[in-house]
Each structure stands twice: as structure tokens, then as C-alpha cells.
Amino acid sequence: TLAGEVVKRTSVTAATSSGSKTVRFTATFSSADSFVTNTQNISNVGLFNTSSSGTLFAGNTYSSSACATNQNVNATYDIIFS
């Protein structure tokens, strides 16, 4: 888990292009899914491998942001291969 994790995970979409060495993961946490039940501060994002009991694949922190129950959260995470 990540510190202060809101225990709501969603499916992600992954996309690449033929000349790129980057895979982009995108996800939306919709307020209609009630992923938070009261205002929460969010300050990290992570990619979890759900086929291995939720092992953290990649994660990072950022400046805290308030998320109310009527807000969606859109996440984009790029993994760059060199």
C-alpha cells in the first residue's frame, strides 16, 4: 500500500506508439463510484500488479490536493524505457 492510500483501485488503459519507448497508463476515478466518502487529501499515485496480490509496480508522490466526493480524478503515469 501507499501511505494514506484510498483503497480504491481502477482498471487502467495502456498505450504505446511504434516509435516510442514509453508506455502511458491512464485511469479515471469517478465520483459516481464513490471512491471517497468524504473530502480526502491525495498526494500519491501508484501502479499495482493485481496478478501478484497487489504488488506495487511503480509509485510517486506529489503536492497534496483536496478531493471532494463530487470530483473525478484522472491519472496518467508514463513508464519510459531507455
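Computed from a predicted model, the values in this text were never measured in an experiment.

Q: Outline the overall build of the protein chain, supporting the account with residue identities and numerical values.
A: A tally of helices and strands in the protein chain yields 0 helices and 5 strands. Burial statistics for the protein chain: of 82 residues in total, 21% are counted as buried. Counting only carbon and sulfur atoms, one obtains 46% of the accessible surface of the protein chain, whose full area is about 5800 Å².

Q: How would you explain unusual backbone geometry if you had to name every residue and give the values?
A: It is generally the case that most residues other than glycine have a negative phi and that most peptide bonds are trans. Phi is positive for Ser 34, close to 50°, though the residue is something other than glycine. The topology assignment puts Ser 34 in the loop between β2 (22–29) and β3 (40–49).

Q: Break down the pattern of salt bridges for me, with residues and values.
A: Counted by the stated rule, this structure contains 1 salt bridge. In this structure, Asp 78 and Arg 24 form a salt bridge, with 2.7 Å as the shortest nitrogen-oxygen distance. Taken as a pair, Asp 78 in strand β5 (residues 73–80) and Arg 24 in strand β2 lie far apart in primary sequence, 54 residues in all. Here Asp 78 falls in the partly exposed class, since its relative accessible area comes to 31%.

Thresholds, definitions, all that
Residues numbered from 1 in each chain as written. Predicted model: local features only at pLDDT ≥ 70, side-chain atom pairs only at ≥ 80, totals over all residues. Heavy atoms only, no water. Helix = DSSP H or I, 4+ residues; strand = E, 2+ residues; numbered from the N terminus. Buried < 20%, exposed > 50% of the residue type's maximum accessible area, 1.4 Å probe, protein only. Areas by Shrake-Rupley, 256 points an atom, 1.4 Å probe, with all protein chains shown as cover. Salt bridge = Lys/Arg side-chain N within 4 Å of Asp/Glu carboxyl O.

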